[in-house]
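Structural characterization, general
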Amino acid sequence: MKLHTLNYSCLLNAPSDRVCDFHTDTVNLIRITPPWIDVKIISADLPIQEKSRIVLKIKRFVLPTLWEMEIEKLDTPLTLIDTMVSGPFRYFRHQRHFIPLENGETLMREIISFGIPLGWLGDLLFPLIKRDMDQMFEYRHRATQEYFLDSIS
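Residues numbered from 1 in each chain as written. Predicted model: local features only at pLDDT ≥ 70, side-chain atom pairs only at ≥ 80, totals over all residues. Heavy atoms only, no water.

Further remarks concern the environment of S113. Position of S113 among the secondary structure elements: in strand β7 (residues 106-115). Given a relative accessible area of 10%, S113 falls into the buried group. Sequence spacing of S113 and H4 is 109 residues, and the spatial spacing of their C-alpha atoms is 5.5 Å. Leave out the neighbours within four places in its chain, and S113 touches H4, T5, Y91, F92 and R93. (Helix = DSSP H or I, 4+ residues; strand = E, 2+ residues; numbered from the N terminus. Buried < 20%, exposed > 50% of the residue type's maximum accessible area, 1.4 Å probe, protein only. Contact = heavy atoms within 4.5 Å.)

Written out as structure tokens, the structure reads:
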């Protein structure tokens, strides 16, 4: 299986503990999901901690899919990693690293690693998946930045 990796980052006007708390609150997943993606939380082991599982129903391109994710690592306030247990990809891992900066801001780095089903045929879909993820993470980062700007006003 060929693994694809995408990297995203953004600067957030909040300390890393607040940013990490934001990302471990499942309500915020809905808040930062683009309007063209319908996501519902089916179940979640709360409070979020290592080994917690979250089941999502995600409707994208008219097709609903179930995603079961497990929190692989939670090192508050620096790291949150979740891995797909079952879902549409052969493999999917989402790393978030919250890097505290001296001025009280946080640099959030995200690394998405995934394997596409259908072998080489699925790999032909990579440019479309990448474009879609680029748009989704651009939206998510902008929504997260706006949340932290609004929360200090």
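In this section: unusual backbone geometry. In terms of backbone geometry, most residues other than glycine have negative phi values and most peptide bonds are trans. Here the residue pair L46 and P47 is connected by a cis peptide bond, since its omega of 0° sits within 30 degrees of zero. In this structure, K51 takes a positive phi of about 80° despite not being glycine. Mapped onto the secondary structure, K51 falls in the loop between β2 (38-44) and β3 (53-60). If you check the backbone angles, L118 has positive phi at about 80° while not being a glycine. By the element assignment, L118 lies in the loop between β7 and α3 (119-123). Take L118: its relative accessible area is 63%, and that puts it in the exposed class.

Moving on, we come to the sheet that holds strand β6 (residues 91-100). On the basis of which strands lie adjacent, the open sheet formed by seven strands has the order β1-β7-β6-β5-β4-β3-β2 and antiparallel pairing. Either end of the sheet is taken by a strand with one partner, and the two such strands are β1 (3-12) and β2. For this sheet the average axis-to-axis angle between neighbouring strands, irrespective of direction, equals 20°. Bridge count for strand β5 (residues 79-86) against β6 is five bridges, and the pairing is antiparallel. Residue pairing in the sheet places I81 in a bridge with Q95 of β6. (Pairing = 2+ DSSP bridges. Axes fitted to C-alpha atoms, helices over the stretch in contact; angles between N-to-C directions.)

A word on the side chain of T33. Following the sequence through the fold, T33 ends up in the loop between α2 (27-32) and β2. With residues near it in sequence (within four places) discarded, T33 still touches V39 and Y139.

So, about the environment of H4. Assignment of secondary structure puts H4 in strand β1. Owing to a relative accessible area of 6%, H4 belongs among the buried residues under this scheme. Among residues more than four places away in sequence, those in contact with H4 are I112, S113, F114, I116, D123 and F126. There is a polar contact of 3.1 Å between the side chain of H4 and the side chain of D123. (Polar contact = N/O pair within 3.5 Å; in protein donor to acceptor, adjacent residues only side chain to side chain.)

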